[in-house]
Amino acid sequence: MGYTYDTNNIFAKILRGEIPNKTVLETEHSLAFHDIAPQAPVHVLVIPKGPYVCLDHFAQEASDAEIIDYTRAIGKVCEMTGVQPSQGGQGFRAIANTGEAGVQEVPHLHTHILGGRILGRMVSRAAE
Ligand code: AMP
């Protein structure tokens, strides 16, 4: 069973310029912008411009150029936001929530880059 991309999702509207965003970085195949409801002092979302629902969809169907661009964009965002440990930053967490169990709200691949504070455990022990 393959993925069906919903062209009306909110990130598709951002990519079409129908909804504003606070852009951090734009590359040929990717866009990074501040999360509208930040969970940490640094909370940036990195999305591919192509119509990919989630990380495994992207990993399996995106072109090499898209995958390289996306990975490099994530690296650049880490550098730009000062979270890179190698540059004196405190570190960060990269999260790509996927599907129901991952509690993904927006069905367009996005990687959350969170940092600027100690983030606590990776997942809660109990189901919410
Ligand atoms: P997820 O639960 O992983 O799908 O996360 C979706 C994220 O998108 C949440 O952190 C929202 O705060 C964020 N979000 C929703 N709408 C917007 C928007 N218009 N601009 C920026 N971030 C948004």
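One can find the structure itself at the top, above this paragraph.
Residues numbered from 1 in each chain as written. Predicted model: local features only at pLDDT ≥ 70, side-chain atom pairs only at ≥ 80, totals over all residues. Heavy atoms only, no water.

Trainee: I would appreciate a short explanation of the environment of Ile 36 in the present structure.
Mentor: Relative to the assigned elements, Ile 36 resides in the loop between β2 (30-34) and β3 (42-48). Judged by its relative accessible area of 84%, Ile 36 falls in the exposed class. Here the alpha-carbon distance between Ile 36 and Asn 21, two residues 15 residues apart in the chain, equals 8.4 Å. (Helix = DSSP H or I, 4+ residues; strand = E, 2+ residues; numbered from the N terminus. Buried < 20%, exposed > 50% of the residue type's maximum accessible area, 1.4 Å probe, protein only.)

Trainee: Before we go on, may I ask you to explain the layout of surface pockets in this structure?
Mentor: With a probe scaled to a water molecule rolled over the atoms, the places where space remains empty come into view. Put simply, the largest pocket is a space of about 1400 Å³. Surrounding the largest pocket, 40 residues form its lining, Gln 39, His 43, Asn 97, Glu 105 and His 112 being those nearest its centre. Looking at the lining of the largest pocket, the elements with two or more residues in it are α1 (10-15), β2, β3, β4 (92-95) and β5 (111-115). For the lining of the largest pocket, the class distribution of residues is 23 nonpolar, 10 polar and seven charged. (1 Å grid on protein atoms, 1.4 Å probe; cavity = no way out; pocket = protein on both sides within 12 Å on 5 of 7 lines; lining within 4 Å. Points joined across faces, edges and corners; volume = space filled by probe spheres on them. Nonpolar A, V, L, I, M, F, W, Y, C, P; charged D, E, K, R; others polar.)

Trainee: Is there a simple way to explain the pattern of salt bridges in this structure?
Mentor: Pairs can form between side chains of opposite charge whenever their charged atoms are close. By the definition in use, this model includes three salt bridges. One salt bridge connects Glu 26 with Lys 49, and the closest N-O pair in it is separated by 2.8 Å. Here Glu 26, found in strand β1 (residues 23-26), pairs with Lys 49, found in the loop between β3 and α2 (55-61); they are 23 residues apart in sequence, far enough to count as distant. Looking at Glu 26, the relative accessible area reads 54%, which means it is exposed. Assessed through its relative accessible area of 31%, Lys 49 is described here as partly exposed. Measuring nitrogen to oxygen at the nearest pair gives 3.6 Å for the salt bridge that ties Glu 79 to Lys 76. Of this pair, Glu 79 and Lys 76 are both found in helix α3 (residues 64-81), three residues apart, which corresponds to roughly one turn of the helix. Here Glu 79 falls in the partly exposed class, since its relative accessible area comes to 45%. (Salt bridge = Lys/Arg side-chain N within 4 Å of Asp/Glu carboxyl O.)

Trainee: Would you mind showing me how to read the environment of Gln 84 here?
Mentor: On the secondary structure map, Gln 84 appears in the loop between α3 and β4. Distance in space between the C-alpha atoms of Gln 84 and Gly 115 is 9.5 Å, their sequence separation being 31 residues. Excluding anything up to four places from it in sequence, Gln 84 contacts Gly 75, Cys 78, Glu 79 and Gly 89. (Contact = heavy atoms within 4.5 Å.)

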